[in-house]
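# Fold and geometry: a report
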Amino acid sequence: MSLRVLERLRRTFGFRLTLWYAAIFILSSLALFILAYFFLASSLRQKDHELIRSRLREVEAEYLTDGLKGIRQELKMDREVGKPNNFFIRLAGPTNHTIFLNLPDRWGGFSLKSLEAGAGSRAVWTRLGSKDDENGLEIVTSRMANGAILQVGKDTESREDLLETFRGIFFGGILVIIVLGFGAGQFLTWRALAPIRQLIATVSTIADTGKVQARLSAIHTDDEFAELSRLVNRMLARIETLITGMKNTLDNVAHDLRTPMTRLRGMAEMALAGNGSPTACREALADCLEESERVLAMLNTLMDISEAETGTLHLNLKRVNLPEILASVIELYAYVAEDKQITLESNCPSELYLTGDPERLRQTLANLLDNAIKYSPESGKVTIEAWDRPDQVVIRVKDQGPGIAPAEIPRIWDRLYRGDESRSQRGLGLGLSLVKAIVAAHHGQVEVASQPGLGSEFSVYLPKQLSLTSL
Ligand code: ADP
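## Examining the packing of helix α8 (residues 322-339) against helix α9 (residues 358-374)
- As a packed pair, α8 and α9 sit with axes 9 Å apart at the nearest point and diverge in direction by 35°. The two elements α8 and α9 cross, and the hand of that crossing is right-handed. Judged by residue contacts, L322, I325, L326, S328, V329, I330, Y333, V336 and A337 of α8 engage P358, L361, R362, L365, A366, L369, D370 and I373 from α9.

Below, the structure written as structure tokens:
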């Protein structure tokens, strides 16, 4: 593996995570081993000390009953029954001169000089080191009532052997622990990072191909990765909607501009090809101006609709009193209604508060009222009602116009759709699309009930409370 690959590997999160796993695993295993070692050593020592003390009590009892003879008798009996000679016994006079010594041959390596020099005559426990190995002789001292000193001891060989075996297992095991630590670390890291690898693969596919339809496959856990995957999928879905929306808008605009632009061009061409009279030119220019205004209005509305549909329409949310907005819209259309002798009837309370964008709501109501007046016959009646429900405000615009055929109803919300009967009226076929998009941007609904020949009834349902975060 080249140095550069190693360096790159070292910088990956997976490598760092593996190192952490391995380090924690190895260190905790080490700590456990060390703890077990000290626990074992201490309990073995305690056991040895108990044995020595109990032997001391036996020898002391013999001495107090039968003196030195008693001790010798005891050892002889032990030899006769085949008991191993496992204990060091020293009896010394009050001045610490040795009177009796039982030192098994195998402990010849221990120097007793320090004992004779007074070591242990005061301390309870003494340890003599061996000249040859790690082995030690642990001795407990008891000073009896007559001043004599009795010392009993035992070597630590069996204990040391056991601990050495334990250390051997430990040093052999450390290699296994290191391999296991890195192996388990690598495996856990690989598993834990699987969703990230999937994320990288999906995102790079999107980056390479530009296809935002790709999605992360569902993670069936309830952890942070599942949340991240859900969020990324939501983000991708939103991006897809935005891109599709933009593409559709562009297609629509291109398609729908073609007709008015051709008309504009035709007018200009006709004016140029004509006799050049100033009146004809003025008329052509006026027509061009009117047509370009229509194009501009159409463009603006199309942009508003696509922004509202893709969720990018900026809503200037405020607490608004709906009847005030209604009143201003009714005032705006009063002259148009009067022209057609249409009665405008408003039926709503003086206060009806909700959170919304006042300008966009005005635009919505204006479009509904505009249609109601536009499609009403002369001397008809248009009614505007508003009332509130626990969480909603309802607005209804009713007219006595021609109504809408049931088959037409689903299509009236489409962009640029105009009913056959309506073509004689001015209009772009965008009013209801804009109404629907704005109402949806306010998290509301709009619906229509209509009976051909009897009139139409458009109802808008808007939530009273709307927070910016819920948009
Ligand atoms: P426009 O009014 O400019 O044609 P709209 O999007 O506002 O476009 O309406 C789409 C179609 O729905 C209209 O062309 C008309 O056929 C029908 N429509 C809308 N409002 C009414 C109404 N109040 N009465 C009858 N038909 C209506």
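That was the structure; now back to the text.
## Describing the pairing of strand β11 (residues 445-451)
- Only one face of β11 is covered, namely the one carrying V446, V448 and S450; the face carrying Q445, E447, A449 and Q451 has none of its residues buried.
- Looking at chain direction, β11 and strand β12 (residues 455-463) are connected through seven bridges and run antiparallel. Residue pairing in the sheet places E447 in a bridge with S459 of β12.

## Notes on the site of the ligand
- Lining the immediate environment of the ligand, one finds 19 residues, of which N371, Y375, D399, R418 and S422 sit closest.
- In this structure, an oxygen atom belonging to the ligand sits 3.0 Å away from a main-chain N or O atom of G419.
- Expressed as a share of its isolated accessible area of 520 Å², the protein-covered part of the ligand is 97%.
- Of all the secondary structure elements, the ones that give two or more residues to the shell around the ligand are α9, α10 (431-441) and β12.
- For the shell around the ligand, the class distribution of residues is eight nonpolar, eight polar and three charged.

## Considerations on α10
- Of all eleven residues in α10, eight are buried, a share of seventy percent or more.
- Following α10 by one or two positions, H443 has its phi on the positive side, about 60°.

## Description of the pairing of strand β10 (residues 392-398)
- For β10, the tally of buried residues reaches five of seven residues, placing the bulk of the element in the interior.
- Strand direction decides the pairing type here: strand β9 (residues 381-388) and β10, joined by six bridges, are antiparallel. Its bridge partner being in β10, D388 is matched across the sheet by V393.
- In this antiparallel pair of consecutive strands, β9 and β10, the connection spans three residues.

## Thoughts on the side chain of E138
- Among the secondary structure elements, E138 is positioned in strand β4 (residues 136-143).
- Reaching out from E138, the side chain makes a polar contact with the side chain of R159 at a distance of 3.1 Å.
- With residues up to four places along the chain from it excluded, the contact list for E138 reads R45, H49, I52, T126, R127, V152, G153, K154, T156 and R159.

## Description of the pattern of salt bridges
- Considering all chains together, one arrives at 21 salt bridges under this definition.
- Here K381 ties to E345 by a salt bridge, and the two come within 3.4 Å at their closest N and O atoms. A residue pair is termed long-range when its members are at least 10 positions apart, and K381 in strand β9 and E345 in strand β7 (residues 343-347) qualify at 36 residues.
- The class for K381 is partly exposed, based on a relative accessible area of 32%.
- Residues joined by salt bridges that share partners form a network here, namely D48, R127, E138, K154 and R159.

## Considerations on a nonpolar patch on the surface
- Together, Y21, F187, L188 and W190 make up a nonpolar patch on the protein surface, roughly 410 Å² of accessible area in all.
- If one sorts the elements of the nonpolar patch by residue count, helix α4 (residues 157-192) sits on top with three residues.
- With a relative accessible area of 32%, Y21 lands in the partly exposed category.

## Brief notes about the sheet that holds strand β3 (residues 125-129)
- On the basis of which strands lie adjacent, the open sheet formed by five strands has the order β2-β1-β5-β4-β3 and antiparallel pairing. The strands lining the two open edges of the sheet, one partner per strand, are β2 (98-102) and β3. Averaged over all neighbouring strand pairs, the angle between strand axes comes to 20°, with direction disregarded.
- Here seven bridges tie β4 to strand β5 (residues 149-155), and the two strands are oriented antiparallel to one another. Within β5, the residue paired with R143 across the bridge is I149.

## Some thoughts on helix α7 (residues 278-310)
- Its 33 residues place the ends of α7 47 Å apart at the C-alpha level, agreeing with the 48 Å of an ideal helix rising 1.5 Å per residue.
- A284, C288, E291, V295, M298, T301, L302, D304, I305, S306, A308 and T310 are the residues of α7 that are buried.
- At its buried positions, α7 is contacted by α6 (224-273), α9 and α10.
- Positive phi appears at G311, one or two residues downstream of α7, with a value of about 80°.

Cut-offs and rules
Residues numbered from 1 in each chain as written. Predicted model: local features only at pLDDT ≥ 70, side-chain atom pairs only at ≥ 80, totals over all residues. Heavy atoms only, no water. Axes fitted to C-alpha atoms, helices over the stretch in contact; angles between N-to-C directions. Helix = DSSP H or I, 4+ residues; strand = E, 2+ residues; numbered from the N terminus. Left-handed = near helix turned anticlockwise from the far one by under 90°. Contact = heavy atoms within 4.5 Å. Buried < 20%, exposed > 50% of the residue type's maximum accessible area, 1.4 Å probe, protein only. Pairing = 2+ DSSP bridges. Near = heavy atom within 4 Å. Polar contact = N/O pair within 3.5 Å; in protein donor to acceptor, adjacent residues only side chain to side chain. Areas by Shrake-Rupley, 256 points an atom, 1.4 Å probe, with all protein chains shown as cover. Nonpolar A, V, L, I, M, F, W, Y, C, P; charged D, E, K, R; others polar. Salt bridge = Lys/Arg side-chain N within 4 Å of Asp/Glu carboxyl O. Patch = residues over 30% accessible without salt bridge, like charges linked within 9 Å, V, L, I, M, F, W, Y side chains within 5 Å. Expected span 1.5 Å × (residues − 1).

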